[in-house]
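Listed below are the residues making up each chain.
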Amino acid sequence: MSSEGPERRGPAPRRRSRLRRRVGAAGRLLAALALAGGLYAGFAPGAAAEDDPQLSPAAQDGKRLFDTSCISCHGRNAQGVEGRGPSLIGVGSAAVEFQVTSGRMPLAAQGAQAERKPPVFNNEQAQQIGQFIQELGGGPQIPDGDLRARDEDAIARGGELFRVNCASCHAFSSGGGALSSGKSAPAMREATERQIYAAMLTGPQSMPVFGDNQLTPEEKRDIIAYVQDLKEDKDPGGYGLGRYGPVTEGLAVFLVGMVALVLTTLWIAGKS
Amino acid sequence: MTGTRFDVDDPAVTRFELVREGARRDGVEIVHYEPRFPIPGTKAERRVERTVAMMFLLAGGAATAFLVAYIWWPYQYEAGANLTKLYTPVLGLTLALTLAGISFGVIIWAKRLLPHEVAVEKRHVGGSPADERKLTAASLVNIVDETDVARRPLLKFAVVAGLLPVGAVAVVPLVGGLLKNPHNPDALLHTGFAPGVRLVRKDMSPIRPEDVSVGGVETVFPGIPGGTTNEYADSPTLLFHLRDEDAAAAARSANADPVNKDSMYLNFVAYSKICTHAGCPASLYEQQTHKLLCPCHQSQFKVTENARPVFGPATRPLPMLPITVDADGFFAAKSDYKVPIGPGFWERS
Amino acid sequence: MSAKRRRKFDLKAVPGSVAGRLDDDLHIASPLRKIMNKVFPDHWSFLLGEIALWSFVILLLTGTFLTFFFDPSMEEVVYNGSYVPLRGVTMSRAFESSLEISFDVRGGLFIRQMHHWSALIFMAGIIVHMFRTFFTGAFRRPRELNWIIGVMLFWLGFTEGFAGYSLPDDALSGTGLRIANAIVMSVPVIGSWAASSLFGGEFPGTVIVPRLYILHVLLVPAILVALITAHLVLLLLQKHTQWPGPGRTNHNVVGERMVPRYAAKMGGFFMMVFAVTALMGGLFQINPIWLFGPYEASVVSAASQPDWYVMFLDGSTRLFPAWEIRAFGYTVPPLFWPTVMLPGILTVLPALYPYIEARFVKDKSVHHLLQRPRDVPTRTALGAMAIAFYVVLLLSGGNDVIADKFDISLNATTWMGRIGLLLLPPLAFWAVYRICLGLQQHDREVLAHGVETGIIRRLPDGRFVEIHQPLSAKELEYAGWAVPKKMNRLGALVPTVRGFFFPLEKPAPTPVSPAPQRQAIESAEEIESRH
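Residues numbered from 1 in each chain as written. Chains lettered and ligands numbered in written order. Predicted model: local features only at pLDDT ≥ 70, side-chain atom pairs only at ≥ 80, totals over all residues. Heavy atoms only, no water.

Colleague: Residues and numbers for the interface of chain C and chain B, please.
Modeller: Tallying the contact residues gives 103 residues for chain C and 92 residues for chain B. Between chain C and chain B, roughly 8,200 Å² of surface is buried when both sides are summed, and carbon and sulfur atoms account for 61% of that area. Summed over the shared surface of chain C and chain B, the number is six salt bridges. Where B:Arg316 meets C:Glu324, a salt bridge forms, and the shortest distance between an N and an O atom there is 3.0 Å. Joining chain C to chain B, the criterion identifies 35 residue pairs in polar contact (both at pLDDT 80 or more). It is helix 10 (residues 258–283) of chain C that contributes the most residues to the side of chain C that touches chain B, 15 residues altogether. A per-class count over the side of chain C that touches chain B returns 48 nonpolar, 32 polar and 23 charged. The pairing of strand 2 (residues 116–122) of chain B with strand 4 (residues 252–257) of chain C spans four bridges and is classified as antiparallel. By the bridge assignment for strand 4 of chain C, B:Glu121 is matched with C:Val253. (Contact = heavy atoms within 4.5 Å. Buried area = accessible area lost by both parts, 1.4 Å probe. Salt bridge = Lys/Arg side-chain N within 4 Å of Asp/Glu carboxyl O. Polar contact = N/O pair within 3.5 Å; in protein donor to acceptor, adjacent residues only side chain to side chain. Helix = DSSP H or I, 4+ residues; strand = E, 2+ residues; numbered from the N terminus. Nonpolar A, V, L, I, M, F, W, Y, C, P; charged D, E, K, R; others polar. Pairing = 2+ DSSP bridges.)

Here it is, written out as structure tokens:
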């Protein structure tokens, strides 16, 4: 390019110089881009932990899931958003696994409390998100191994613990009960052993926290043994009427007993 | 009695006429009496007979099934879903069929096989005949005259004065035996807690502050013999470990109250578990709103405000137990509750 | 020695000779026949009281069985029986023996459940019978005394049931006992003394279950038997009331004699009450005490309620606001009004109602004929008001279960109950009053204009009219009994085809006027010839 003189030659040299000019311009452009990109890649700070080398692979998967479903209420770094979602720093993977596997999170709508619903993420995904939160801020974790005590006295021990600590909210039948102002302690019919353990450990929403210092892991296993036995042991007296107690019993007296008897009186004797 | 006299021994009299006459003498007139099936042996009649027979046979069959099930069906407790869980339902079903069979049999017999009858019974109108009344009245009044109490005021006085205490004698032992002074010893004003008594769990193990989770609650009892049993039913206590900001609010409320001043220990506060409305354990702790809900009548108490009632029929806050930590690091009561726990009563000021 | 004479034993003469001997000694021939010939009117609503009567018999039978196994002692033992989830748990002997009945006695759980269901049916029977008596005016003179006995029977049954379900000393009924203790304590002046005396000291003490036991198996049943007997004797002496109708006056009873028809119906109904009780006792679990656990003062379950017939008082307690009276160093706690004052009013007011109504209506005459509810709109509306009041309280007793299962705020259900209690009864009064007036009006309209036939005719000027069938050529006055409102009640249509699987008779040919006599259709020859 620089060797070209000011006077123009014939058409052939003009064509060749335009092409060479263009190629040259492209090459300069490419060089400039490469220089700029290289400088940027070299000196700019890393993007938000996208490829943060400190997170384990499971946690990275979890972070990806978290970023799509959770940051609108819990914030980019799980620090919480005022008026929408609390901070998750320190809640631990147990809390995450409880909330996500029971479908409570992602929350469908703000209300008196989050309710169990069909989960959005499967168990593996929930554990990944949990791992992410665990590595982000620490907190209680569900232990490995059998969460249900298997020795023969476990059910009885668990029952005593259940009646003192749990029955007042969840009812003697583990069928749940009302709390104030629209809140409720849920039924444990669908709860898995991991969910029950995590709930005791982390105290979700209105539930008090029963940390391992207060209820040891053995005691938690006993309680889980009792709850599972409650669910598995069929009622020996016939249909349990939902195990609600006198309310449904009273309903049954009128809907079954009195209806049958009054219909019988109509059959036996006359009408006016 | 007018008309021809009914001759009971007349050989021409039918049995029904005897029945009718008997009813007549009892004031009942049988005005309509019609057999259901005037011609015996019709198909319709046999059909009804068969139905009744079937009912009784069904009852018999079901009764046999009941006996068999009662004796041989397994009933000993076995966990899970198994045949023993069906023992009671099988008994119920077979017995119900037995009784229903008898019931249907008897009633269908009464409605469809027994003759249809209409009987009319006379009612007594007004009171007894006037002469009877007069005679009875005279007999009653005569008692007064016979005893001649009007003429014997000394007797009148003596009878009344004498019988009055006797009436009391009949009643007093029962009442007196049952009577028990609630204030001697004054159980209503004292629980199992006293200065230095440790707070223990159901299994009598003492508690350190680090044994209660933040945001958690533990049911505790006085660490004395029998303290965890129903012998000290007024003593169950709830020990709360509040978060910092909630504990600060609770401490502010506690220290502003002359009774609850200095009763907390750091972030720990202890309230009586016995609801001040009707005595149920008020134990539904809503960790985030700091409300304690009683399941019996829905009284709600605010844990961060001296457990004062904020909803429901309760009128008094839950008493606060003054707590501290003893030399070995275990929770202990500083003293008994400063106000009577549980439901109110007349002399509770 | 003479030859042995064989006396022929005449079996057929035995009943006669026995009866003769009985009458020779006891003189029972006339009284027995008199009772056998007593006439009872025939109406379904007169059987409702028998629901309670037969349930009482069943309670006595099943209860006796239970007394052979139950131990009312409150002494603490450690359970080591067959119900695994409670092994090693400390409990009272009362609870342990109840578990033994439920799991170790053959058929024990079945009898226990029958006993408990029967108690609930007993109270339900009393309530429906009470309302029947109320709405038809059967409580009027001369039956005020029987009505008062009835009110007493209700409260005695209430007490008996409460004592009964508190005997097993389980967590649910123990909580109820705690509340009962607080209720007694709330009575002014004597409360704490009465509570302490009843419980032998501070709650719970060790004597309350044994005392309730004696109350439940001896004292109250004795009073119940005496009062039920009095109730029935008065019924027998005064004879049953009856609906007005053809041939029925205030001076007679039209119906059927006790033996055999009425007794057969009573016996059959007893069997049916027993059958329903057995069905429920076997197929529906009730009071699963093994799930509640033994009573401990620190334990309570969500959704704690008393049995249904006590639940209305639980409702009144939940709804009553936090109003406490404190004056001169004394307290009247809020628990007093809904649990002591209210039942007091609910005993005295209903018991005196016959006299109150007689005063207001200025009616002192003797009544043996019943009134249709529509003909006494004020009383019927008052009864509806009472039912509305009662139902609001009953539902409020279970408001936490309703709140939980129907996703309503618990606090909101309390407010709904408070407001409903004040608004719904007057609303019910007004609505039922208007309905009664409307029904009365329709009766008179049919009497005046005839029964609607459903046949529409178009008149030449274009109007559509429905043809009415007049009931009589002369003017008819309302006589206090049911007015026929449909054509088939007048016998003007074909008889309905009777029979379950096959028709018992062929339907008659098209109706002619006058309607064919029933007799002709049902004659035996016709039936024979058709089959």
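Colleague: So what's going on with the state of the cysteines? Which residues, and what values?
Modeller: Residue and element names in this part refer to chain B. The final tally for this structure, using the stated rule, is one disulfide over all chains. Each sulfur in the disulfide pair Cys280 and Cys296 lies 2.1 Å from the other. Given an S-S torsion of about -100°, the disulfide between Cys280 and Cys296 has left-handed geometry. Of this pair, Cys280 sits in the loop between strand 6 (268–272) and strand 7 (284–286) while Cys296 sits in the loop between strand 8 (291–293) and strand 9 (300–302), and the two are 16 residues apart along the sequence. Comparing Cys280 with Cys296, the two get one shared label, buried. Considering cysteine sulfurs only, Cys275 is the nearest to Cys294, which forms no disulfide, with 3.9 Å between them. With a relative accessible area of 2%, Cys294 lands in the buried category. (Disulfide = S-S within 2.5 Å. Buried < 20%, exposed > 50% of the residue type's maximum accessible area, 1.4 Å probe, protein only.)

Colleague: Could you give an account of the packing of helix 13 (residues 336–361) of chain C against helix 14 (residues 377–397) of chain C, with specific residues and numbers?
Modeller: If you want to describe how two helices pack, look at the angle between their axes and the distance between the axes. All names here are of chain C. Interaxial distance between helix 13 and helix 14 falls to 14 Å at its minimum, and their mutual angle equals 170°. In terms of orientation, helix 13 and helix 14 fall into the roughly antiparallel class. Judged by residue contacts, Leu342, Tyr353 and Glu357 of helix 13 engage Arg379, Leu382, Phe389 and Leu393 from helix 14. Partitioned by chemical class, the residues of the contact of helix 13 with helix 14 number five nonpolar, no polar and two charged. (Axes fitted to C-alpha atoms, helices over the stretch in contact; angles between N-to-C directions. Parallel < 35°, antiparallel > 145°, perpendicular 65-115°, else oblique.)

Colleague: Describe the side chain of A:Asn165, with residues and values.
Modeller: Residues and elements named next belong to chain A. Along the chain, Asn165 falls in helix 6 (residues 154–165). Accessibility expressed as a relative area gives 18% for Asn165, which makes it buried. Beyond its immediate stretch of four places on either side in the chain, Asn165 contacts Phe210 and Leu215.

Colleague: Tell me about the domain arrangement of chain B, and please be specific about residues and values.
Modeller: We note that the domain assignment places domain 1 (15–178) and domain 2 (190–333) within chain B. Taking the mean C-alpha position of each, domain 1 of chain B and domain 2 of chain B sit 57 Å from one another. (Domains from an automatic or database assignment.)

Colleague: Would you mind going over the sheet that holds strand 4 of chain C in detail, with residue names and values included?
Modeller: Strand order in the open sheet made by the four strands is 1(B)-2(B)-4(C)-1(C), with antiparallel pairing throughout. Where the open sheet ends on each side, the last strands, each with one partner, are strand 1 (28–34) of chain B together with strand 1 (39–40) of chain C. Along the sheet, helix 1 (residues 15–25) of chain B makes contact with strand 1 of chain B together with strand 4 of chain C, crossing strand 1 of chain B at roughly 145°.

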